[in-house]
Amino acid sequence: MPRLSLKAVTKHFERHRALDDVSFSIPDRAFLALLGPSGCGKTTLLRLIAGLELPDQGEILFDDQVMAGGHVFMPPEKRGIGMVFQSYALWPTMTVRGNVEFGLKVAGLGARERQQRIDDVLEVVGLQGLNDRRPHELSGGQRQRVALARSLAMRPKLILLDEPLANLDAHLRDAMLAEFRRIHSLTDATFVFVTHDQDEAMAVATHVAVLDRGCLQQLGTPEDLYRRPASPMVARFIGRGKTLPVRVVSAQGGRNRVMLGSEMLDLPGCAPVGEGWLCFHASDLHSVSDGGHLKTELVGQVFQNGAWLSHCLPSEIDGNVVSLPLAEQFAPGTRINLAISGGWVVERGPASHGILPADLASVT
Ligand SMILES: Nc1ncnc2c1ncn2[C@@H]1O[C@H](COP(=O)(O)OP(=O)(O)O)[C@@H](O)[C@H]1O
Ligand SMILES: [Mg+2]
């Protein structure tokens, strides 16, 4: 099974740059989630890996073999990949068995080998006994399993899944995520899974690549993205994170001393001295009766998961609303003092000046 590498891949649709200089590499048997808001280039990237689109610039490699780039173009059918779509794309008049068998017949496999592979994959995806059903006699989750079985039967090296759970309800989606993880562990294939839902990506993937407007923001483990976001966009997109503008006054040994208004904080971070963002989650905030690092005013509360999720607007610095669970209900306008016990500091780069739109983190 190959390592998948992209080197400086750029793709335009007429004058629109759908992908901009994207480079990354994931190891054999990884489970990569391509994550980002709608329109950020996820499907385009998947289609480039599949060979359904050509890059304008850059290279795509499986191990050291160039699939696309320079004068090389390996056609999709020779890449050893399987694709699974949101719409399942099953043959409606064929049975489960017929759907799985179709590609095997086209590939010229004999009857015994076909039967063996069908039995194997239907067991892997948990559809034993449903061989003779047609798609309309199956639930959404079962149809998605057939689509996956059909791909797996071809023993692909790489399986590409484009928002495969988007048509399922939330409960079934959680069950299918666990199933994808289990199935991935039973195969030798590398999975690339496209989603705009960060909870899906974090639940299923060994590696997550965050895309924004065609640019790769960060590739890392789910924990990397949560604890050490590379940019304010990633910080806001993952785990409903928040950011506040800070001034970085020292940078040493993976830590930053920052000024948040007139308060000094010493936190992990990688920002150089200058303007920065403090990135944090609700669990890093605590309300305190006196002092604290951030004076705020309560702007709203919602009862959620057994506590009052409280939205608080900083009153002495120019920052977006921050949120944390509080045990009690308060009147709007109540002054809430917050202490900050954790977080991560990033540089305020050219792509991230000004306050980011507050709703970016809630795009799902
Ligand atoms: N065939 C195409 N022709 C023109 N524009 C396209 C085409 N495919 C995608 N785009 C544009 O490229 C951008 C990225 O699209 P896409 O990769 O489908 O995003 P995502 O899957 O992340 O929602 C979007 O702005 C989209 O409108
Ligand atoms: Mg898409």
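See the structure shown above.
Small disclaimer: the values here were computed from a predicted structure and weren't measured.

*Asks:* How would you sum up the sheet that holds strand β2 (residues 16–26)? Please name residues and give values.
*Replies:* If you trace the five strands from one edge of the open sheet to the other, you get β2-β1-β4-β5-β6, paired in antiparallel fashion. The sheet is open, and its two edges are formed by β2 and β6 (72–73), each paired on a single side. Taken strand by strand, helix α1 (residues 42–50) contacts β1 (4–13), β2 and β4 (57–62), and its axis lies near 120 degrees from that of β1.

*Asks:* Quick one: what's the story with the site of ligand 1, residue by residue and with numbers?
*Replies:* Surrounding ligand 1, one finds Phe13, His16, Ala18, Pro37, Ser38, Gly39, Cys40, Gly41, Lys42, Thr43 and Thr44. Here an oxygen atom of ligand 1 and a side-chain polar atom of His16 are 3.2 Å apart. Within the contact set of ligand 1, an oxygen atom lies 2.5 Å away from a side-chain nitrogen or oxygen of Thr44. With three residues, the top contributor of residues to the shell around ligand 1 is α1. In terms of residue class, the shell around ligand 1 is built from four nonpolar, six polar and one charged.

*Asks:* Before we move on, can you summarise the pattern of salt bridges with the specific residues and values?
*Replies:* Following the criterion strictly, the structure yields 17 salt bridges and no others. Note that Glu101 is salt-bridged to Arg114, the shortest N-O span being 2.7 Å. Taken together, the residues span a long stretch of sequence, with Glu101 in helix α2 (residues 96–106) and Arg114 in helix α3 (residues 111–124) at a distance of 13 residues. A residue is classified by how much of its surface remains accessible, and Glu101, at 8% relative accessible area, is buried. When the shortest N-O distance is used, the salt bridge between Glu179 and Arg145 registers 2.8 Å. Taken together, the positions of Glu179 in helix α5 (residues 170–186) and Arg145 in helix α4 (residues 140–153) put the pair 34 residues apart, joining distant regions of the chain.

Thresholds applied
Residues numbered from 1 in each chain as written. Chains lettered and ligands numbered in written order. Predicted model: local features only at pLDDT ≥ 70, side-chain atom pairs only at ≥ 80, totals over all residues. Heavy atoms only, no water. Pairing = 2+ DSSP bridges. Helix = DSSP H or I, 4+ residues; strand = E, 2+ residues; numbered from the N terminus. Contact = heavy atoms within 4.5 Å. Axes fitted to C-alpha atoms, helices over the stretch in contact; angles between N-to-C directions. Near = heavy atom within 4 Å. Polar contact = N/O pair within 3.5 Å; in protein donor to acceptor, adjacent residues only side chain to side chain. Nonpolar A, V, L, I, M, F, W, Y, C, P; charged D, E, K, R; others polar. Salt bridge = Lys/Arg side-chain N within 4 Å of Asp/Glu carboxyl O. Buried < 20%, exposed > 50% of the residue type's maximum accessible area, 1.4 Å probe, protein only.

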